Amino acid sequence: KQGLSKTTKEFTDKIDTLISGYGKIDEAFYDELEEILITADLGFDITMELIESLREKVKEVKTDDPHQVKVLLKELIINILSTGNRELQVEPPPAVVLVVGVNGVGKTTTIGKLAHYFKQQHKEVMLAAGDTFRAGAIDQLEVWGQRNQVPVIRHQEGSDPAAVIFDAIHSAKARNCEILICDTAGRLHNKKNLMNELGKIFRVVDREYPEARKEVLLVLDATTGQNALQQAKVFGEVAQLTGIVLTKLDGTAKGGIVLAITKSMGTPVKMIGVGEQLEDLQPFDPSSFAEALLG
Ligand code: GDP
């Protein structure tokens, strides 16, 4: 079930305890449910909205049986999570996948996993080491390139990221590469800097590779909960995001953040990271997620 054992267990246990503890759905029941949802990092607004929608549903189906709540909640959650197109836009080739996000969220690992994911689909993949700022980022990407046996275009540490992307695009064209995955630097300390850096990269891609499909993926670390939502908002302001990759869902009980992000960003969560290995990246599936969450 999407490797969400921790999210599943804590949340499901609490919901189950709640349900078996009440003979009927009353105000105390809603209060307790509210607290559970907030603890799962759904955030205040979404929790309120969900509870409101749940109250309506409960009225609609004329029930006061707590056991019905699970099914109704599941429906509501799937509904929220089903916004937008979750397919990675890489067909027909060529395509550029720009991967953005702050240090430590799992950006490099995600690029390695993405390369593996596309290679499994027999696609020609190339990587561009566009994070020239973080010490070790280039070498780390090189390792993922070797693991996947895909070429990595790199410059020296500290060089202009846009120049790396420029070279990578021309290399991708020359080698008929189908998908070029670009790492970028995510220095959030200064929004204006971030905007300038990413803006320059985006302009290079538009100018040098107009024929390519573009996917701009923001990588967020699910274990950081509401912090991830804050990052999403900042990146959403400086870049035209097309999708979100939520990492480390295997190690958190804060799975509810998926809902908070989808709802407030309107950008679909397209992939999820559920471990550190190459194959630990999966397309996000709302039904399985809701199923995992609520059992
Ligand atoms: P970056 O600084 O954003 O490029 O982050 P890295 O790719 O270097 O990842 C930071 C740490 O998070 C590493 O130890 C990764 O192995 C780990 N990591 C990345 N994705 C996942 C995931 O989905 N699950 C788990 N458990 N760890 C992950």
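To start, this report covers the structure provided alongside it.

Conventions and cut-offs
Residues numbered from 1 in each chain as written. Predicted model: local features only at pLDDT ≥ 70, side-chain atom pairs only at ≥ 80, totals over all residues. Heavy atoms only, no water. Helix = DSSP H or I, 4+ residues; strand = E, 2+ residues; numbered from the N terminus. Expected span 1.5 Å × (residues − 1). Buried < 20%, exposed > 50% of the residue type's maximum accessible area, 1.4 Å probe, protein only. Arc of directions from axis to C-beta. Polar contact = N/O pair within 3.5 Å; in protein donor to acceptor, adjacent residues only side chain to side chain. Near = heavy atom within 4 Å. Areas by Shrake-Rupley, 256 points an atom, 1.4 Å probe, with all protein chains shown as cover. Nonpolar A, V, L, I, M, F, W, Y, C, P; charged D, E, K, R; others polar. Axes fitted to C-alpha atoms, helices over the stretch in contact; angles between N-to-C directions. Parallel < 35°, antiparallel > 145°, perpendicular 65-115°, else oblique. Left-handed = near helix turned anticlockwise from the far one by under 90°. Contact = heavy atoms within 4.5 Å. Phe/Tyr/Trp six-rings, centres within 6.5 Å; stacked < 30°, edge-to-face > 60°. Lys NZ or Arg CZ within 6 Å of the ring centre and 35° of its normal.

Here's the deal with helix H2 (residues 27-39)
Right, on to step 1. With 13 residues, H2 extends 19 Å from end C-alpha to end C-alpha; this agrees with the ideal 18 Å at 1.5 Å per step.
Right, on to step 2. Looking at H2, one finds that the buried residues are Phe29, Tyr30, Leu33, Ile36 and Leu37. End-on view of H2: buried residues confined to an arc of 120 degrees, all on one side of the axis.
Right, on to step 3. The N-terminus of H2 is capped by aspartate 26, whose side-chain oxygen sits 3.3 Å from the backbone nitrogen of alanine 28.
Right, on to step 4. Looking one or two places after H2, you find aspartate 41, whose phi comes out positive at around 65 degrees.

A word on the site of the ligand
Right, on to step 1. Taken together, 17 residues surround the ligand, and among them Gly104, Lys107, Thr108, Thr109 and Glu276 come closest.
Right, on to step 2. Taking lysine 248, its main chain carries an N or O atom lying 3.0 Å from an oxygen atom of the ligand.
Right, on to step 3. Alone, the ligand offers 580 Å² of accessible surface; in the complex the protein occludes 80% of this.
Right, on to step 4. It is helix H5 (residues 107-120) that contributes the most residues to the shell around the ligand, 4 residues altogether.
Right, on to step 5. Tallied by class, the residues present in the shell around the ligand amount to 3 nonpolar, 8 polar and 6 charged.

Thoughts on the packing of helix H7 (residues 161-174) against helix H8 (residues 191-208)
Right, on to step 1. Where H7 meets H8, the closest approach of the two axes is 9 Å, and the angle between their N-to-C directions is 25 degrees. Taken together, the axes of H7 and H8 are roughly parallel relative to one another. The interaxial crossing formed by H7 with H8 has right-handed handedness. Here Pro161, Ala162, Ile165, Phe166, Ile169, His170 and Lys173 of H7 come into contact with H8, specifically with Lys200, Ile201, Val204, Val205 and Glu208.

So, the packing of aromatic side chains
Right, on to step 1. If you walk through the whole model with that rule in mind, you get 4 aromatic pairs.
Right, on to step 2. With 6.1 Å between their ring centres and 75 degrees between their planes, phenylalanine 29 and tyrosine 30 make a pair best called edge-to-face. Comparing phenylalanine 29 with tyrosine 30 shows no difference in burial state: the two are buried.
Right, on to step 3. On the basis of an interplanar angle of 65 degrees and a centroid distance of 5.6 Å, the ring pair of tyrosine 117 and phenylalanine 118 is categorised as edge-to-face.
Right, on to step 4. Looking at phenylalanine 118, the relative accessible area reads 2%, which means it is buried.
Right, on to step 5. Chaining the aromatic ring pairs together yields one cluster made of Tyr22, Phe29 and Tyr30.
Right, on to step 6. Lying across the ring of tyrosine 30, arginine 55 places its NZ or CZ 4.2 Å from the centre.
Right, on to step 7. One residue, arginine 147, lies across the ring of tryptophan 144, its end atom 4.3 Å from the ring centre.

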